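# Report on the structure
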Amino acid sequence: MPAGRLSVVVTRRLPEPVETRMKELFDVDLRDPDSPMSREELAEAMRRADVLVPTITDVVDAGLLAQAGDRLKLIANYGAGVDHIDVATARQRGILVSNTPGVVTEDTADMTMALILGVTRRIPEGLAMMQSGDWPGWSPMALLGGRIGGKRLGILGMGRIGQAVARRARAFGMQIHYHNRRRLRPEVEAELEATWWESLDQMIARMDVVSINCPHTPSTYHLMNARRLKLLKPSAVIVNTSRGEVIDENALTRMLRAGEIAGAGLDVYERGAEINPRLRELPNVVLLPHMGSATIEGRIEMGEKVIINIKTFADGHRPPDQVVPAML
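Residues numbered from 1 in each chain as written. Predicted model: local features only at pLDDT ≥ 70, side-chain atom pairs only at ≥ 80, totals over all residues. Heavy atoms only, no water.

### Focus: the overall build of the protein
- For the protein, the count of helices and strands is 13 helices and 13 strands.
- Since a compact globule built from 328 residues should have a radius of gyration of about 20 Å, the 22 Å found for the protein is in line with a globular shape.
- For the protein, the C-alpha atoms occupy an extent of roughly 70 × 50 × 30 Å along the three principal directions.
- Classification of the 328 residues of the protein by burial places 49% in the buried group.
- The contacts in the protein between residues at least 6 apart in sequence include a share of 60% that link residues at least 24 apart. (Helix = DSSP H or I, 4+ residues; strand = E, 2+ residues; numbered from the N terminus. Rg over C-alpha atoms; globule rule 2.2 N^0.38 Å. Buried < 20%, exposed > 50% of the residue type's maximum accessible area, 1.4 Å probe, protein only. Contact = heavy atoms within 4.5 Å.)

### Here's the deal with the environment of Glu301
- Relative to the elements of secondary structure, Glu301 occurs in helix α13 (residues 296–314).
- Residue Glu301 is classed as partly exposed on the basis of its relative accessible area, which comes to 35%.
- In sequence terms Glu301 and Pro15 are 286 residues apart; their C-alpha atoms lie 9.9 Å from each other.

### Details of the sheet that holds strand β4 (residues 74–76)
- The strand order β2-β1-β3-β4-β5-β13 describes an open sheet built from six strands, whose pairing is mixed. Two strands lie at the open edges of the sheet, namely β2 (27–29) and β13 (322–323), each paired on one side alone.
- Pairing analysis gives two bridges linking strand β3 (residues 51–53) to β4, with the strands arranged parallel. For Val51, the partnering residue across the bridge sits in β4 and is Leu74. (Pairing = 2+ DSSP bridges.)

### Topic: the sheet that holds strand β9 (residues 209–212)
- What the seven strands build is an open sheet, ordered β8-β7-β6-β9-β10-β11-β12; its pairing is parallel. Two strands close off the open sheet at either side, each with one partner strand: β8 (194–196) and β12 (285–287). Strand-to-strand twist of the sheet, defined as the mean angle between neighbouring strand axes without regard to direction, takes the value 20°.
- In this structure, strand β7 (residues 175–179) lies alongside β8, joined through three bridges in parallel fashion. Note on β8: the bridge partner recorded for Tyr178 is Trp196.
- Running over the sheet, helix α7 (residues 160–171) touches β6 (152–156), β7 and β9 and is turned about 170° from β6. (Axes fitted to C-alpha atoms, helices over the stretch in contact; angles between N-to-C directions.)

### Topic: the pairing of strand β1 (residues 7–10)
- Residues Ser7 and Val9 line one face of β1 and the alternating positions Val8 and Val10 line the opposite face, and both faces are buried.
- A crossover links β1 with its parallel partner β2, the connecting element being helix α1 (residues 16–25), and its sense is right-handed.
- By the bridge criterion, three bridges tie β1 to β3 in an arrangement that is parallel. If you follow Val8 over to β3, its bridge partner there is Val51. (Right-handed = clockwise from strand over helix to strand, strands pointing away.)

### A closer look at the nonpolar core
- Core analysis: the biggest nonpolar cluster contains 29 residues, and Ile212, Met224, Leu229, Ile238, Leu252 and Leu256 have the highest contact counts within it.
- Elements represented by at least two residues in this core include exactly α9 (200–204), β9, α11 (249–257) and β11 (263–266).
- For this core, the element with the highest residue contribution is α11, accounting for four residues.
- Beyond its immediate chain neighbours, meaning those up to four positions away, Leu256 contacts Ile261, Gly263, Ala264, Leu279, Leu282, Asn284 and Val285. (Core = buried A, V, L, I, M, F, W, Y, C linked by side-chain atoms within 4.5 Å.)

### Quick word on a nonpolar patch on the surface
- There is a patch of nonpolar side chains on the surface, built from Met130, Trp135 and Trp138 and spanning about 450 Å² of accessible area.
- Relative to the helices and strands, Met130 is located in helix α6 (residues 123–132). (Patch = residues over 30% accessible without salt bridge, like charges linked within 9 Å, V, L, I, M, F, W, Y side chains within 5 Å. Areas by Shrake-Rupley, 256 points an atom, 1.4 Å probe, with all protein chains shown as cover. Salt bridge = Lys/Arg side-chain N within 4 Å of Asp/Glu carboxyl O.)

### Some details on the pattern of salt bridges
- Applying the stated rule across the entire model yields 22 salt bridges.
- Here Arg168 ties to Asp110 by a salt bridge, and the two come within 2.7 Å at their closest N and O atoms. Remark: Asp110 occurs in helix α5 (residues 105–120) and Arg168 occurs in helix α7; sequence separation between them is 58 residues.
- Taking the relative accessible area as the measure of exposure, Asp110 reaches 41% and is therefore partly exposed.
- We note a salt bridge from Glu189 to Arg183, for which the minimum N-O separation is 2.7 Å.
- Residues joined by salt bridges that share partners form a network here, namely Glu106, Asp110, Arg167 and Arg168.

If you want it as structure tokens, here you go:
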């Protein structure tokens, strides 16, 4: 580890309190334009920095890691997901990777419920009618949606966020079901009144709403593929606030257009900002621009975790949120 203040490069604009505290603690290079770095800029940053602070928009693959300088010893990711970082290659090159788990749990769970309500109660359609001035007045048959109380919610991925979604959905009177790599402890299941399904296929075939809350890993890529999507009831709704790659977006779009799925609420997309244009045309789809964790409090807490990870590393200790390949 280098002597003196660490050289830290931040790839995107962060909240002012976070940037100011970094400036106080480290020799930090802040990003002025709020735009992603190019691949060439990332490579240059990795050649001169002791610590890189990337975000989900920065793909740090084996090719970039091969260009890293000898100084780079920590990639302190600003965010919980690290599927954009080749953690195994970084580890082989002696570069630690850390993330910011836990701080966006409540915010993302809030947004999941917002999407469930947005789709089932047709909120965007109502907003569009009001904004266009086309509302003719109240009608007993206008914009009829569905009640979520009493409906079955199937949660795919029962980690921190999945459990937070379950607590909220219970308050709305939904029945909680889940599929997870590992079954929850009996006391947690009892608290959430949750039913575990070992078979994902069997679960989703019976659900009214399916919420995607698992991370993107090689084993979850297109976990909701065309075959599984066809198991959903025609009246079912699917919501994703996790990672777009978990769903086969083209298959989902085809089925929504054909009326084989009742609706979808999406905050993440398979190709990042490149959204399938046919999705935009569908009235039964709610699309959000990756807003799940977008609260002032959450963004500042993410930055605080980044700072703690860097400061702990600078003090000669293992970052508390270090990520290793076995965790993925």
